[in-house]
Amino acid sequence: MNRKAPNPIDVHVGSRVRLRRVLIGMSQEKLGEQLGITFQQVQKYEKGTNRIGSSRLYRIAQVLGVPVSFFFEDIPGQNPADEGFSETKSERYVVDFISSAEGLQLNKAFLRISDPRVRRKVVELVQAVSSDTD
């Protein structure tokens, strides 16, 4: 393993910090203020460049309103035989999509549609467009 490359676990934990922060609409600056650190340090945590200590991770979990275990869900390198009731590959794809900028934008916009009939039509539209590409 390259000593300069971030550890995959640190990258995963950082990406989960970013996912939750973005889902609740919190900026890096605001999270940094709550933790008493700079937004640059939050960036380094989110990229996995810097490791997050246990007490800091506990505080991040409190600020973001999730259990500490949230950051370790779907950790890379798990043996599929050991996963038990964890997410399937297709469910991980959903997590990866929601973690992307486009997925977050689409999710937020979709949730702002109050009419259930319009929501259903949007789903039908996306299904129609996606089946054209198969």
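Notes on the structure in this doc start here. The shown structure was predicted, so the numbers you read here are calculated from the model rather than taken from an experiment. Every chain is numbered on its own, with residues counted from 1 as its sequence reads. Per-residue local features of the predicted model are confined to residues with pLDDT of at least 70, and side-chain atom pairs are confined, for both listing and counting, to 80 or more; whole-chain, interface and lining totals are unaffected and use all residues. As a rule here, side-chain values come from all non-hydrogen atoms in the structure, and water together with hydrogens is ignored.

So, the pattern of salt bridges
The condition that has to hold: Salt bridges are identified by distance alone: a Lys or Arg side-chain nitrogen within 4 Å of an Asp or Glu carboxyl oxygen. Helix and strand definitions follow DSSP, with helices as H or I runs of at least four residues and strands as E runs of at least two, each counted in order from the N terminus. Relative accessibility under 20% of the residue-type maximum defines a buried residue, over 50% an exposed one, and the middle range a partly exposed one, all with a 1.4 Å probe and only protein chains included.
Taken as a whole and assessed by the stated rule, the structure comprises 6 salt bridges. The partner of glutamate 73 in a salt bridge is arginine 16, and the shortest N-O contact between them spans 2.8 Å. Placement of the pair is glutamate 73 in the loop between α4 (54-64) and α5 (89-99) and arginine 16 in helix α1 (residues 8-23), with a sequence separation of 57 residues. Judged by relative accessible area, glutamate 73 falls into the partly exposed class, the value being 38%. Note that arginine 21 is salt-bridged to glutamate 46, the shortest N-O span being 2.5 Å. With a gap of 25 residues between them, arginine 21 in helix α1 and glutamate 46 in helix α3 (residues 39-47) connect regions that are remote in the sequence. Arginine 21 sits in the buried class, given a relative accessible area of 7%. Judged by relative accessible area, glutamate 46 falls into the buried class, the value being 9%. Via salt bridges that share partners, Arg120, Lys121 and Glu124 belong to a single interconnected network.

Quick word on the packing of aromatic side chains
Here is the rule we go by: Paired rings are identified among Phe, Tyr and Trp, the last through its six-membered ring, by centres lying within 6.5 Å, and are further divided according to the angle between planes into stacked (under 30 degrees), edge-to-face (over 60) and tilted (the rest).
Under the definition given, this model contains 1 aromatic pair. Aromatic side chains phenylalanine 70 and phenylalanine 71 sit 5.5 Å apart centroid to centroid with 80° between the ring planes, which places their arrangement in the edge-to-face category. We note that phenylalanine 70, like phenylalanine 71, is buried.

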